Amino acid sequence: MVKLMLALDLDKERALKVAEEVKDYVDAIKVGYPLVLSSSLEIVKEIKDICEKEVILDFKVADIPATNEKIAKLSLRYGDGIIVHGFVGEDSVKAVRDVAKPLNKKTILVTEMSHPGALRFIQPIANELAIMAKKLELDGIVAPSTRPERLRELKHLSNLPVLTPGVGAQGGRLEEIIKILDENDYIIIGRAIYNSEDPKKMAKYYKEKIRALSK
Ligand code: XMP
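Residues numbered from 1 in each chain as written. Predicted model: local features only at pLDDT ≥ 70, side-chain atom pairs only at ≥ 80, totals over all residues. Heavy atoms only, no water.

What about helix α5 (residues 90-100)?
Spacing of three or four residues puts side chains on the same side of an α-helix, whose turn is 3.6 residues.
Here is step 1: Among the residues of α5, Ser92, Val93, Ala95, Val96, Arg97, Val99 and Ala100 are the ones counted as buried.
Here is step 2: For α5, the elements touching its buried residues are β3 (54-61), α4 (65-75), β4 (81-85), β5 (106-110) and α7 (123-135). (Buried < 20%, exposed > 50% of the residue type's maximum accessible area, 1.4 Å probe, protein only. Helix = DSSP H or I, 4+ residues; strand = E, 2+ residues; numbered from the N terminus. Contact = heavy atoms within 4.5 Å.)

What follows is the structure, given as structure tokens:
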């Protein structure tokens, strides 16, 4: 079954509360700058202690190789993997992968982003980014639920597990993307769960919908 990854873009107090509420329904958690900058990186350990799920660091690392290496070493003291940008070049991505791999942690590459602004700069190079992810034997790519045909093509080109944001608040439709995905892939949902009146109920709803549509 396709996995459900919760994007926990909240402050510490709300994040811990939501993690506890939804833990039976999500397969993984994505932690990014909103949470880490409003607390500290140690929040990753607290979240893991609560829900015992895979935690991916969405830091979209995009610097020169020497700096990327330092960022990866410091970040990957926590969590199970890290998201990196590829437009900075293969050497920068390799620097992160070479830190992550010996630690048995994932390096996941952003290809085409899900928001409208991605069409101008990143869509034109997204196929090349997916091919680079395959060549570097990374652990996955991020590709948009907001553009199902692009999601399909990027998944095909990379032949890697896909993490796909865009369902819910950004308008992506679960019914359309689920048939493109398989059990190695993750659907990322944030606001549609944590901003709802009852995050537990909404996480259960998405989990059950994914199960029903996966059949
Ligand atoms: P929402 O609230 O829109 O949250 O369900 C989506 C989460 O995913 C992140 N995001 C992306 N990350 N490439 C990425 O690497 C993307 O194209 C992309 N689009 C959204 C967003 O920051 C939030 O955490």
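A look at the site of the ligand
Here is step 1: Close contacts around the ligand come from 16 residues, with Asp9, Lys30, Met113, Ser114 and Arg191 the closest.
Here is step 2: One of the side-chain nitrogen or oxygen atoms of aspartate 9 is found 2.5 Å away from an oxygen atom of the ligand.
Here is step 3: Arginine 191 is positioned such that a nitrogen or oxygen atom in its side chain is 2.7 Å from an oxygen atom of the ligand.
Here is step 4: In this structure the site holding the ligand corresponds to the largest pocket.
Here is step 5: Grouping the constituent residues of the shell around the ligand by class yields seven nonpolar, three polar and six charged. (Near = heavy atom within 4 Å. Polar contact = N/O pair within 3.5 Å; in protein donor to acceptor, adjacent residues only side chain to side chain. 1 Å grid on protein atoms, 1.4 Å probe; cavity = no way out; pocket = protein on both sides within 12 Å on 5 of 7 lines; lining within 4 Å. Sits in = over half its atoms within 2 Å of the grid points. Nonpolar A, V, L, I, M, F, W, Y, C, P; charged D, E, K, R; others polar.)

Quick word on the sheet that holds β5
Here is step 1: As summarised here, the arrangement of the eight strands in space is β1-β2-β3-β4-β5-β6-β7-β8, forming a closed barrel in which the pairing is parallel. Neighbour to neighbour, the strand axes of the sheet diverge by 25° on average, direction disregarded.
Here is step 2: The strands touched by helix α3 (residues 43-51) are β2 (28-32) and β3; relative to β3, the strand with the most contacts, the crossing angle is about 155°.
Here is step 3: Sheet strands in contact with helix α11 (residues 199-214) are β1 (3-7) and β8 (186-189), and its direction is about 155° off that of β1. (Pairing = 2+ DSSP bridges. Axes fitted to C-alpha atoms, helices over the stretch in contact; angles between N-to-C directions.)

Quick look at the pairing of β5
Here is step 1: For β5, a buried count of four out of five residues is recorded, marking the element as mostly surrounded by other parts of the structure.
Here is step 2: Sheet analysis places β4 next to β5, joined by five bridges and oriented parallel. Each bridged residue has a counterpart across the sheet, and for glycine 81 the counterpart in β5 is lysine 106.

Quick notes on the layout of surface pockets
If a probe the size of a water molecule is rolled over the atoms, the empty space left behind becomes visible.
Here is step 1: In this structure, the largest pocket occupies an estimated 420 Å³ of space.
Here is step 2: Lining the largest pocket are 22 residues, with Asp9, Lys30, Ser114, Pro165 and Gln170 positioned closest to its centre.
Here is step 3: Split by residue class, the lining of the largest pocket holds 11 nonpolar, five polar and six charged. (Points joined across faces, edges and corners; volume = space filled by probe spheres on them.)

Brief notes about the pattern of salt bridges
Here is step 1: Counting across every chain of the model gives 23 salt bridges.
Here is step 2: Between glutamate 176 and arginine 173 there is a salt bridge; the shortest N-O distance is 3.5 Å.
Here is step 3: A relative accessible area of 33% places glutamate 176 in the partly exposed class.
Here is step 4: One connected set of salt bridges, linked through shared partners, spans Glu112, Arg147, Arg150 and Glu153. (Salt bridge = Lys/Arg side-chain N within 4 Å of Asp/Glu carboxyl O.)

Details of the side chain of lysine 105
Here is step 1: On the secondary structure map, lysine 105 appears in the loop between α5 and β5.
Here is step 2: Although lysine 105 is buried, it forms no salt bridge, and the closest oppositely charged side chain is aspartate 80 at an N-O distance of 5.7 Å.
Here is step 3: Polar contacts involving the side chain of lysine 105 include one to the main-chain carbonyl oxygen of leucine 76, which spans 2.8 Å.
Here is step 4: In this structure, lysine 105 is in contact with Leu76, Arg77, Tyr78, Gly79, Asp80, Gly81, Ala100 and Asp139, ignoring residues within four places of it in sequence. (Lys, Arg positive; Asp, Glu negative; His and termini not counted.)

Comments concerning the packing of helix α1 (residues 12-22) against α11
Two numbers describe a pair of packed helices, the interaxial angle and the distance between the axes.
Here is step 1: In the contact formed by α1 and α11, the axes pass within 8 Å of each other and the chain directions differ by 50°. Considering the angle they form, α1 stands oblique to α11. By crossing handedness, the relation of α1 to α11 is classed as right-handed. Note on element contacts: α11 touches α1 through Pro199, Lys200 and Ala203, opposite Val18, Glu21 and Val22.
Here is step 2: Split by residue class, the contact of α1 with α11 holds four nonpolar, no polar and two charged. (Parallel < 35°, antiparallel > 145°, perpendicular 65-115°, else oblique. Left-handed = near helix turned anticlockwise from the far one by under 90°.)

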